[in-house]
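# Working through the structure, step by step
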Amino acid sequence: MSSEYLPGLAGVPATKSNISSIDGEEGILAYRGYDIMELAEKSTFEETALLLLDGCLPSQSMLDDFDGQLRSERRLKYKIRSIMKNLPTSGHPMEMLQTAVASLGMFYGGEEVLSDGVAGNDLEYIHSMSVKIISRMATIVAMWEHIRNGYDPIEPRDDLSHAANFLYMLKGKEPDEMAVKVMDACFVLHAEHTINASTFAAMVCSSTLASPFLVIAAAIGTLAGPLHGGANQRVVEMLKDIKRPENAKAWLDKQLAGKKVVWGMGHREYKTKDPRAIVLQKLMVEWSEKQGNLSPEFETALRLEEACEEALGPKGVFPNVDYYSGILYKEMGIAPDQFTPIFAVSRVAGWLAHWREQLSDNRIFRPTQIYTGEEVRDYTEMSKR
Ligand code: COA
């Protein structure tokens, strides 16, 4: 057995998986073998989620069924809303989301399916929990926007797609076609990404046969950090700090001299530009053309990317998914602290696909360590310390 310690488990396979793949040199991400670029253009979140969960592109009737199930599961129990209403509005929405999702588990049974020690055979249970969680997470994030501002939440509508309903509930008015297209593409692009930190957390939690609500709560907590999903919010704050496009180069030099990171840049897997960043940048261009102006943040981001290419390109550090998603969400009028919850609303499809895969061939995760502490020694009495 190898006892080599690799910080961050870089390059260490933690599982066998057939859900998604990354070619970090070529900049290719594929879900179940389908290139993300093509999915972002041709698929919808509903179809992509089903592809991730079941492993194949659905027929029209399978997709219609799944879409109908998602629409019918949008409503939240009033007790969950009461929990949300009692949370401090000053907290981060990721903390609210983790609380609400973990609380959902108290209302829906089924643990017995997982607690017999032979998990993974009840596909009906796995599917119904997946639908409940995917559907309700969008509701929770959108409702929070109104609750935290002191209003009653907007009720979900079942005549709208997942992306359209999410924007409707978030903003309180029906979104236009372009906004729905962008939101849906963002949901597709963020839905899955191999064994990243939050997916790994979900897998570890799944391997203990915890309930799917706790599995997703573990993943939400892990996604929240700025080195993972929290980076998109930081990108917008960083661009605000740079203020103007012409300041980008000087800002970068100062940042790198201080050994600080540029948010939204770099990735453990990609040594070229993240394909999701390429699609998001194109969407940002389309959005700008429709609005008839280039947002100052987007201009600054473009200038900063140019400057980074020279300084960080040789290290294989290029824009990742968070670099352009934050700017796009900001242009859509979404509050920056909701960017990471929106990431979670999409990534939950991938987390649940990994939950199902983990259960189908489960062994509890229990890695080892290289101990660097004291040898076993005698206890020192208080009087002698
Ligand atoms: N800004 C400045 N330098 C960066 C950088 C960034 N965003 N990302 C990586 N680098 C540099 C590192 O300092 C290191 O330089 P060195 O070799 O001179 O020490 C080199 O590039 C390799 O990076 P490393 O830290 O080993 O990569 P990692 O795989 O451990 O970390 C991230 C990956 C994502 C955590 C890292 O790139 C990062 O912190 N990015 C900013 C946060 C972010 O956007 N996260 C979202 C990821 S989707």
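These lines cover the structure that appears in this document, whether it is placed above or below.

## As for the overall build of the chain
Scanning the chain from terminus to terminus reveals 17 helices and three strands. For the chain, the C-alpha radius of gyration of 22 Å lies close to 21 Å, the compact-globule estimate for 385 residues. Expressed along its principal axes, the backbone C-alpha trace of the chain runs to roughly 65 × 55 × 45 Å. Per-residue burial for the chain yields a buried fraction of 52% across its 385 residues. Long-range contacts, defined as pairs at least 24 residues apart, comprise 75% of the intrachain contacts of the chain with a sequence gap of at least 6. Each charge class in the chain was averaged separately, 41 positive and 53 negative side chains, and the resulting centres sit 6 Å apart.

## Concerning the pairing of strand S1 (residues 20-23)
Residue alternation in S1 divides its side chains into a buried set, Ser-20 and Ile-22, and an unburied set, Ser-21 and Asp-23. For S1 and strand S2 (residues 28-31), the ladder comprises four bridges, and the chain directions are antiparallel. Looking at the pairing, Asp-23 lines up with Ile-28 of S2. Between the end of S1 and the start of S2, which pair antiparallel, lie four residues, with Gly-27 showing a positive phi angle near 75 degrees.

## Concerning the site of the ligand
Looking at the ligand, there are 17 residues lining it, with Val-262, Gly-264, Met-265, Arg-268 and Lys-315 nearest. Taking Val-262, its main chain carries an N or O atom lying 2.8 Å from a nitrogen atom of the ligand. At 3.0 Å from an oxygen atom of the ligand is found a side-chain nitrogen or oxygen belonging to Asn-320.

## Details of the nonpolar core
Met-84, Leu-97, Met-137, Met-183, Ile-216, Leu-304 and Trp-351 are the most contacted members of the largest nonpolar core, which totals 113 residues. Sort the elements by how many residues they give to this core and helix H7 (residues 123-147) lands first, with 14 residues. Setting aside chain neighbours within four positions, we find Trp-351 in contact with Met-137, Ser-198, Thr-199, Ala-202, Ile-216, Ala-219, Ile-220, Leu-223 and Ala-344.

## Observations regarding the environment of Asp-65
Among the structural elements, Asp-65 can be located in helix H3 (residues 60-72). Asp-65 sits in the exposed class, given a relative accessible area of 52%. Each C-alpha atom, one on Asp-65 and one on Gln-358, is 25 Å from the other, the two residues being 293 residues apart in sequence.

## Some words on the pattern of salt bridges
What the rule picks out here adds up to 19 salt bridges. With a closest N to O distance of 3.1 Å, Lys-249 and Asp-253 form a salt bridge. Here Lys-249 and its partner Asp-253 are both found in helix H13 (residues 248-257), four residues apart, which amounts to about one turn of the helix. Judged by relative accessible area, Lys-249 falls into the partly exposed class, the value being 41%. By relative accessible area, which is 39% here, Asp-253 ends up partly exposed. Through salt bridges with shared partners, a single ionic network connects Glu-73, Lys-132 and Arg-136.

## Some thoughts on the environment of Ser-90
In this structure, Ser-90 sits in the loop between helix H4 (78-85) and helix H5 (93-104). Between the C-alpha atom of Ser-90 and that of Ser-383, which follows or precedes it by 293 residues, the distance is 46 Å.

## As for a nonpolar patch on the surface
A surface patch of nonpolar side chains, amounting to about 210 Å² of accessible area, comprises Leu-6, Leu-9 and Val-12. Residue placement: Leu-6 occurs in the segment before S1. Leu-6 gets classed as partly exposed once you look at its relative accessible area, which sits at 30%.

## Topic: the layout of surface pockets
Taken as a whole, the largest pocket holds about 1400 Å³ of empty space. The wall of the largest pocket is formed by 46 residues, among which Leu-227, Gly-266, His-267, Arg-268 and Glu-269 lie closest to the centre. At the level of secondary structure, the elements contributing two or more residues to the lining of the largest pocket comprise S1, helix H10 (197-207), helix H16 (321-331) and helix H17 (339-360). Top element by residues in the lining of the largest pocket is H17. It accounts for three residues. Taken together, the residues of the lining of the largest pocket sort by class into 21 nonpolar, 15 polar and ten charged. The calculated volume of the second largest pocket comes to roughly 1100 Å³. Together, 28 residues line the second largest pocket, and Val-12, Pro-13, Ala-14, Phe-365 and Pro-367 are the ones closest to its centre. Listing elements by their share of the lining of the second largest pocket, those giving two or more residues are H10 and H17.

Reading the values: rules and limits
- The residue numbering used here restarts from 1 in each chain and proceeds along that chain's sequence as written.
- Per-residue local features are limited, in this predicted model, to residues with pLDDT of at least 70; the limit for side-chain atom pairs, both in listing and counting, is 80 or more; totals at the level of whole chains, interfaces and linings are taken over all residues.
- Side-chain metrics in this entry use all non-hydrogen atoms of the structure; hydrogen atoms and water are not considered.
- Secondary structure elements follow DSSP: runs of H or I of four or more residues count as helices, runs of E of two or more count as strands, with numbering from the N terminus.
- We compute the radius of gyration over the C-alpha atoms and compare it with the globule rule, which gives 2.2 Å times the number of residues raised to the power 0.38.
- Buried, partly exposed and exposed residues are distinguished by accessible area as a fraction of the type maximum, computed with a 1.4 Å probe on protein chains only: under 20%, between the cut-offs, and over 50%, respectively.
- In what follows, a contact means two residues having at least one pair of non-hydrogen atoms within 4.5 Å.
- Residues counted as positive are Lys and Arg, residues counted as negative are Asp and Glu, and His and the chain ends are not counted.
- Lys charges are placed at NZ, Arg charges at CZ, Asp charges at CG and Glu charges at CD.
- Here the rule is simple: two strands pair whenever DSSP picks up at least two bridges between them.
- For this description, a residue counts as near a given molecule or strand if any of its non-hydrogen atoms is within 4 Å of it.
- Nitrogen and oxygen atoms within 3.5 Å of one another constitute a polar contact, given that in protein one can donate a hydrogen and the other can accept it, and given that sequence-neighbouring residues count only through two side-chain atoms.
- Side-chain atoms within 4.5 Å are what join buried Ala, Val, Leu, Ile, Met, Phe, Trp, Tyr and Cys residues into a set we call a nonpolar core.
- Salt-bridge detection follows one rule: a side-chain nitrogen of Lys or Arg within 4 Å of a carboxyl oxygen of Asp or Glu.
- Like-charged residues are merged into a patch within 9 Å and nonpolar side chains (Val, Leu, Ile, Met, Phe, Trp, Tyr) within 5 Å, provided each residue has over 30% relative accessible area and no salt bridge.
- Per-residue and other accessible areas follow the Shrake-Rupley method at a 1.4 Å probe size, with only the shown protein chains counted as cover for residues.
- Points on a 1 Å grid over protein atoms alone make up a cavity when a 1.4 Å probe fits among them but cannot get out, and a pocket when they form an open set with protein on both sides within 12 Å along at least five of seven lines; lining residues each have an atom within 4 Å of a point.
- Grid points are joined across faces, edges and corners, and a volume is the space filled by probe spheres set on the points.
- Each residue gets one of three labels, nonpolar for Ala, Val, Leu, Ile, Met, Phe, Trp, Tyr, Cys and Pro, charged for Asp, Glu, Lys and Arg, and polar for the others, Gly among them.

Bear in mind that shape data such as this cannot, by itself, settle questions of function.
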